[in-house]
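Observations on the model geometry
Each chain, written out:
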Amino acid sequence: MKISVNSTFSYIKFNVNYGSALQCYALQKYLKKRGHDVTLLRDYRANPVPILKRLSYLKTGKLFFKKLVSLKKMQDFIKDNISLSSRGYVSYSQLVTHCPDADCHIVGSDQIWHDAKNFRYLTYVPDDKMKLSYAASFGMTKIGDQMGKTIQPYLSRFDKIAVRENSGVEIVNSLGYDATHVLDPTLLLDYSEYPYKKDVTDLVGKNEFVYCYFLNLRETKDIHLEAIQQYVAENDKKLFVTAPLNYDMFDNEKGLLFPGVDEWLGLYHAANCIFTNTYHGLLFCIIFKKQFVFFCNPHSQGVERFTSVLDMIGLSDRMLGPSDVNRISEIMEQKIDYEVVYEKIRNQRLITDNYFAEVGI
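About the criteria used
- Starting afresh in each chain, residues are numbered from 1 along the sequence in its written order.
- The model is predicted, so local features are restricted to residues of pLDDT at least 70 and side-chain atom pairs to those at 80 or more, both for listing and for counting; the totals for chains, interfaces and linings are taken over all residues.
- Derived side-chain values reflect all non-hydrogen atoms in the structure, with water molecules and hydrogen atoms excluded from consideration.
- Here, the term nonpolar core denotes a set of buried Ala, Val, Leu, Ile, Met, Phe, Trp, Tyr and Cys residues that are joined through side-chain atoms within 4.5 Å.
- Relative accessibility thresholds used throughout: buried, under 20% of the residue-type maximum; exposed, over 50%; partly exposed, between the two (1.4 Å probe, protein chains only).
- The way it works is that DSSP assigns letters per residue, a run of H or I at least four long becomes a helix, a run of E at least two long becomes a strand, and they are numbered from the N terminus.
- Contacts were defined at the residue level, with two residues in contact if any of their heavy atoms lie within 4.5 Å.
- One bridge is not enough; two strands pair if DSSP finds at least two bridges between them.
- Here an axis means a line fitted to C-alpha atoms, over the contact stretch when the element is a helix, while the angle between two N-to-C directions is reported on a 0 to 180 degree scale.
- Note on aromatic contacts: the rings of Phe and Tyr and the six-membered ring of Trp form a pair at centre separations within 6.5 Å, being stacked when their planes are under 30 degrees apart, edge-to-face when over 60 apart, and tilted otherwise.

1. Considerations on the nonpolar core
- L31, I106, Y134, Y211, I286 and F292 are the most contacted members of the largest nonpolar core, which has 75 residues in total.
- The greatest single-element share of this core, amounting to nine residues, is contributed by helix α2 (residues 18-33).
- If we ignore the near neighbours within four places in the chain, the residues touching Y211 are F240, V241, T242, L257, P259, W264, L267, Y268, A271, C273, I274 and F275.

Structure follows, in structure tokens:
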């Protein structure tokens, strides 16, 4: 079966976001393993590039150019590892007139339902073609009445709906439709199915190290940076940080890394333990079976996306809030039983398998 996936191409094409790229990779790989011909829609319109904001980072000097190199690596990863639609789209009319030739169209995953943009609900797809969502996220626990009125008829055209959070199920139910709660596609693959760099000593040396991956910071106290540094010093490790949107907040240039996707995966694989505040940063801790601490960003919208997955696999105690600065060592010393965690993940994978099998995918 030919499948077209509408996801986050325009974002990952112009921004460094490892999780967003890898969820595209993972869903495509999963569907290809099930015997299908899958392409990612090249829609260039969804996330316009804030050029002026980006140029403001020129003040960071060579760090800015290191970020540009990592963006080039991101583009190379997409080119080499994700099958793309033959046509690129720059308008909705193009999507309607030249809709991708596919038997099935899937929208997801990630926060592609955070607003009512019609193309994110596959409105350009003809009535006689199968339409599904997979792990679509609203990025919020409730939607406004106007958004609900707008998207209700869009959802009526779907053959099946699967969402990433429990709150998403409740939103879809409130509009009169059924929805299935499913795993993020990154959790459908084992770590060995990801193209991680096997040796990262050229990036971090030969000593054991602690890795941090952060996004959307307002200040470093959001992730208790001083407490992390103290933990690293007490355990005689090195500290390395990747923060694509906030690298200007960190003054240790030698500890800042701007990896490609395979390198980022390799750092996760090799790290002694991990600190993160991002959704996919959290999931890849689980994928690589790492000890980790997750910081709940006090400024983040959609905290439920974090609690939903942590509750699902029984690791809600790994999440720290703003007042939990003294619990880092305590949590890291509580070793995660990944046999138990993966038994729950395997059960959740069966839900995804059944979801697609019911429509012949």
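2. Looking at the sheet that holds strand β8 (residues 209-213)
- In space, the five strands of this open sheet follow the order β9-β8-β10-β11-β12, with parallel pairing throughout. Strands at the two margins of the open sheet, each flanked by one partner only, are β9 (238-242) and β12 (319-320).
- Where strand β10 (residues 273-276) lies against strand β11 (residues 291-295), four bridges are found, and the strand directions are parallel. By the bridge assignment, I274 is partnered in β11 with F292.
- Of the strands in this sheet, β8 and β10 touch helix α10 (residues 261-270), which is tilted by about 135° from β8.

3. What to know about the packing of aromatic side chains
- Tallied over the entire structure, the rule returns 30 aromatic pairs.
- Here the aromatic rings of Y18 and W264 are separated by 5.0 Å at their centres, their planes lie at 5°, and the arrangement is stacked. With a gap of 246 residues between them, Y18 in helix α2 and W264 in helix α10 connect regions that are remote in the sequence.
- Classification of Y18 by relative accessible area gives buried; the value is 1%.
- By relative accessible area, which is 0% here, W264 ends up buried.
- On the basis of an interplanar angle of 45° and a centroid distance of 4.5 Å, the ring pair of W264 and Y268 is categorised as tilted. Remark: Y268 and W264 occur in helix α10; sequence separation between them is four residues, near one turn of the helix. Residues W264 and Y268 agree in their burial class; the two are buried.

4. Some words on unusual backbone geometry
- Along the chain, G108 connects to S109 via a cis peptide bond; the corresponding omega equals 0°.
- Positionally, S109 belongs in the loop between β4 (104-107) and β5 (130-133).
- Look at D110: it is not a glycine, yet its phi comes out positive at around 80°.
- Looking at the secondary structure, you find D110 in the loop between β4 and β5.
- Exposure remark for D110: the relative accessible area of 11% places this residue in the buried category.

Structural measurements only, silent on function.
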